[in-house]
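What follows is the residue order along each chain.
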Amino acid sequence: MDKKMILSGLQPSGIMTLGNYLGAVKNWVKLQNEYDCLFMIADMHALTVPQEPVNLRKRCYEVLALYMACGLDPEKSTLFFQSHVPQHAELSWALTCTTYMGELSRMTQFKDKSKNAKDTGVGVGLFVYPVLMAADILLYQANLVPVGADQKQHLEITRVLAERFNRLYGDVFTIPEPYIPEVGARIMSLQDPTKKMSKSDSNPNGYVSIVDEPEVIIRKLKRAVTDSDTRICRGEGKDGIENLMSIYSIMTDKTFEEIEREFEGKGYGDFKLAVGEAVAEGLRPIREKYNELMNNKDYLKEVYTKGAQRASRLASKTLRKVYRKLGFVDRT
Ligand code: ATP
Ligand code: LTN
């Protein structure tokens with residue numbers, strides 16, 4: 001039987017954070033043996049907020065190298081840049097025409113991000129962002145989409161758009177399911193534990209970049225905002241500690257109960273240091289592999305070229321069906 005399809009991606013809008021890794025990429029690595037996986041670098045999505053072209057190009061390479069450094073294997077998974085497969089933009093337009101303004105206005109990410117764009121004006125790209133994301137997923141008839149918790153609403157609208165299209169024009173799209181991890185789906189900012197850790201945070205102390213040096217990681221965790229209590233456990237007003245417990249739990253494979261026992265009678269200082277060391281140690285092999293890959297641009301080029309070829313083949317099959325259903329004349 002054919003393997004089920006997976007598609008996911010992240011934006012080259014900054015350097016990958018510990019949140020991206022624990023909420024998304026770490027899980028992708030586990031899935032690549034069982035599923036037919038496509039992982040893209042969502043460069044077109046990154047344009048929804050202003051980008052400096054020189055930085056964007058650099059970050060695109062960085063994300064690809066980080067995908068591989070984290071363990072995504074180009075022999076098993078298809079790795080590609082979204083902009084190299086023009087069918088994403090084409091399907092996105094077709095879906096835009098069956099999407100309602102009201103549906104997009106309700107998206108919480110749009111509401112959050114448009115607040116930051118008040119001075120510059122809110123771009124239409126930011127508004128239609130979920131439609132492009134739906135196109136990414138539906139083009140490959142993905143069954144499963146592994147993402148962090150913040151993307152749940154975008155997955156819901158993807159399902160709505162797919163079902164609507166199938167109802168209006170006849171069955172074309174597979175209806176995808178989100179795949180959200182139980183722990184790590186929402187890693188919070190180290191400076192404000194009520195906000196998610198984000199790579200576009202203007203304060204670098206809020207996030208750990210996956211390639212930060214060990215001393216920097218330890219320092220950022222030492223400074224993490226917690227509370228005035230002293231116990232290492234979950235509870236009301238203890239978002240900061242709970243966040244550090246989630247991070248420590250994934251990095252060390254310990255349960256929350258084991259962590260509570262380990263730090264019983266110890267203070268926040270000891271705990272933060274232990275979390276910092278666990279993160280620094282866990283990310284060390286990724287950083288080393290990343291540096292090696294960034295020095296081998298030819299290999300990266302080979303990977304993304306092959307990736308785009310396969311992705312285009314799959315995408316054009318779906319797009320052809322969609323265009324037929326819509327009533328466009330076949331290309332000769
Ligand atoms: P930006 O801040 O620029 O919007 P981002 O850091 O939110 O970017 P994306 O590239 O939009 O990252 O997301 C990539 C993947 O990482 C998504 O699956 C998303 O759900 C996941 N993710 C992002 N931030 C976190 C987080 N703090 N905790 C867990 N998962 C996260
Ligand atoms: N919007 C996503 C990145 C993304 C994505 C996708 C994730 C773009 N297209 C398709 C999964 C499937 C985000 O994580 N912010």
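Everything quoted here is computed from the prediction, not taken from an experiment. Along every chain, residues carry numbers that run from 1 in the direction the sequence is written. Lettering for chains starts from A, numbering for ligands starts from 1, and both go in the order in which the items are written. The model is predicted, so local features are restricted to residues of pLDDT at least 70 and side-chain atom pairs to those at 80 or more, both for listing and for counting; the totals for chains, interfaces and linings are taken over all residues. Computation of side-chain values covers all heavy atoms of the structure but excludes hydrogens and water.

## Here we look at the overall build of the protein
Here's step 1: Here a strand is any run of E in DSSP of at least two residues, a helix any run of H or I of at least four, and the numbering for each starts at the N terminus. Of regular secondary structure, the protein possesses 13 helices and five strands.
Here's step 2: It is over C-alpha atoms that the radius of gyration is taken, and the globule rule equals 2.2 Å times the number of residues to the power 0.38. Expected size for 332 residues packed as a compact globule is a radius of gyration near 20 Å; at 21 Å, the protein falls within 12% of this value.
Here's step 3: Out of the 332 residues belonging to the protein, those deemed buried represent 52%.
Here's step 4: Pairs at least 24 apart in sequence give 75% of the contacts found in the protein among residues at least 6 apart. A 1.4 Å probe rolled over the protein chains alone gives each residue an accessible area, and that area as a share of the maximum for its type sets the label: buried under 20%, exposed over 50%, partly exposed in between. Contacts are residue-level and defined by heavy atoms, with any inter-residue pair within 4.5 Å sufficient.

## Focus on the site of ligand 2
Here's step 1: For each residue, the test is whether any non-hydrogen atom lies within 4 Å of the molecule or strand; if one does, the residue is near. Near ligand 2 you find 14 residues, and of these Met40, Tyr129, Met133, Asp136 and Gln151 are the closest.
Here's step 2: Tyr129 is positioned with one of its side-chain polar atoms (N or O) 2.6 Å from a nitrogen atom of ligand 2.
Here's step 3: Each polar contact in these results corresponds to two N or O atoms within 3.5 Å; when the atoms are within protein, one needs to be able to donate a hydrogen and the other to accept it, and residues that are neighboring in sequence are counted only if both atoms are side-chain atoms. A distance of 3.0 Å separates a nitrogen atom of ligand 2 from a polar atom in the side chain of Gln151.
Here's step 4: Put simply, the parts of the chain that give the shell around ligand 2 at least two residues each are β1 (5–10) and α7 (124–139).
Here's step 5: Examining the composition of the shell around ligand 2, we find that four residues originate from one element, α7, more than from any other.

## Structural notes on the pairing of β1
Here's step 1: Within β1, five of the six residues are buried, leaving the element largely enclosed by the surrounding structure.
Here's step 2: The pairing of β1 with strand β2 (residues 36–41) spans six bridges and is classified as parallel. Note on β2: the bridge partner recorded for Ser8 is Phe39.
Here's step 3: Handedness of a crossover: with both strands directed away from the viewer, a clockwise path from the first strand across the helix to the second marks it as right-handed. One crossover worth recording links β1 to the parallel β2 by way of helix α1 (residues 18–31), and it is right-handed. Paired strands, in this sense, are two strands between which DSSP finds at least two bridges.

## Concerning a positive patch on the surface
Here's step 1: Taken together, Lys317, Arg320, Lys321 and Lys325 make up a surface patch of like positive charges.
Here's step 2: For Arg320, the position within the fold is in helix α13 (residues 297–326).
Here's step 3: A relative accessible area of 46% places Arg320 in the partly exposed class. Each patch is built from residues that are more than 30% exposed by relative accessible area and take part in no salt bridge. Like charges join if they lie within 9 Å; nonpolar side chains (Val, Leu, Ile, Met, Phe, Trp, Tyr) join within 5 Å. Residue-level accessible areas treat just the shown protein chains as cover; the underlying method is Shrake-Rupley with a 1.4 Å probe. Salt bridges, as used here, are contacts in which a Lys or Arg side-chain nitrogen is within 4 Å of a carboxyl oxygen on Asp or Glu. Charged-residue counts in this description rest on Lys and Arg as positive and Asp and Glu as negative, His and the chain ends being excluded. A charge is said to be at NZ when it belongs to Lys, at CZ for Arg, at CG for Asp and at CD for Glu.

## With respect to the site of ligand 1
Here's step 1: With respect to spatial proximity, 22 residues lie near ligand 1, and among them Lys113, Asp150, Lys196, Ser198 and Ser200 are the closest.
Here's step 2: A distance of 3.2 Å separates a nitrogen atom of ligand 1 from a polar atom in the backbone of Gly19.
Here's step 3: The contact in question runs from an oxygen atom of ligand 1 to an N or O atom on the side chain of Ser200, over 2.6 Å.
Here's step 4: When ligand 1 is considered free in solution it has 600 Å² of accessible area, and contact with the protein chains removes 97% of it.
Here's step 5: Taken together, the elements giving at least two residues each to the shell around ligand 1 come down to β1 and α1.

## Quick word on helix α9 (residues 214–222)
Here's step 1: Turning to α9, its buried residues number three or more, namely Pro214, Ile217, Lys220 and Leu221. What you see down the axis of α9 is that its buried residues fit within an arc of 130 degrees, all on one side. Residues of α9 that are exposed and angled more than 90 degrees away from the buried face: Glu215 and Lys222.
Here's step 2: Looking at the buried residues of α9, the elements they touch are α10 (239–252) and α12 (268–294). What the arc measures is the spread of directions leading from the helix axis to the C-beta atoms.

## Details of the nonpolar core
Here's step 1: Ranked by size, the top nonpolar core spans 65 residues in total, and within it Leu64, Tyr67, Ile210, Phe271, Val279 and Leu283 carry the most contacts.
Here's step 2: Counting residues per element, this core draws most heavily on α12, at twelve residues.
Here's step 3: Setting aside its immediate chain neighbours within four residues, Phe271 contacts Ile232, Ile241, Leu244, Met245, Tyr248, Ile259 and Phe263.
Here's step 4: For this analysis, a nonpolar core means a set of buried residues of the types Ala, Val, Leu, Ile, Met, Phe, Trp, Tyr and Cys, connected via side-chain atoms within 4.5 Å. If you look at the next biggest cluster of nonpolar residues, it comprises 38 residues, including Leu91, Val147, Leu161 and Ala162.

## A short note on the packing of α9 against α12
Here's step 1: Two elements in contact, α9 and α12, have axes separated by 8 Å at closest approach and are oriented at 150 degrees. If you check the angle between α9 and α12, you find them roughly antiparallel. Judged by the sense of rotation from one axis to the other, the crossing of α9 with α12 is right-handed. Taking contact as the criterion, the partners of Pro214, Ile217, Ile218, Leu221 and Lys222 in α9 are, on α12, Lys272, Leu273, Val275, Gly276, Glu277, Val279, Ala280, Leu283, Arg284 and Arg287.
Here's step 2: Side-chain classes follow a simple rule in which Ala, Val, Leu, Ile, Met, Phe, Trp, Tyr, Cys and Pro form the nonpolar group, Asp, Glu, Lys and Arg form the charged group, and the remainder, Gly included, forms the polar group. Among the residues making up the contact of α9 with α12, the classes are represented as nine nonpolar, one polar and five charged. Axis angles are defined between N-to-C directions and span 0 to 180 degrees, where every axis is a line fitted to C-alpha atoms and, for a helix, only to the segment in contact. Angles below 35 degrees are treated as roughly parallel, those above 145 as roughly antiparallel, those between 65 and 115 as roughly perpendicular, and all remaining angles as oblique. By convention, the crossing between two helices is left-handed when the near helix turns anticlockwise from the far helix through less than a right angle, and right-handed when the turn is clockwise.

## A closer look at the packing of aromatic side chains
To describe a pair of aromatic rings, you give the distance between the ring centres and the angle between the ring planes.
Here's step 1: Geometry of aromatic contacts follows a simple scheme: Phe, Tyr and Trp rings, the Trp one being its six-membered ring, pair when their centres are within 6.5 Å, and the pair is stacked under 30 degrees between planes, edge-to-face over 60, tilted otherwise. Scanning the model with the defined rule gives twelve aromatic pairs in all.
Here's step 2: Here Trp28 and Phe39 contribute two aromatic rings whose centre-to-centre distance is 4.6 Å and whose plane-to-plane angle is 5 degrees, an arrangement assigned as stacked. Placement of Trp28 in helix α1 and of Phe39 in strand β2 is noted, with a sequence separation of eleven residues between them.
Here's step 3: What makes Trp28 buried here is its relative accessible area of 0%.
Here's step 4: Through a chain of ring-to-ring contacts, three or more aromatic side chains come together here, namely Trp28, Phe39 and Tyr67.

Distances and angles like these do not, on their own, reveal function.
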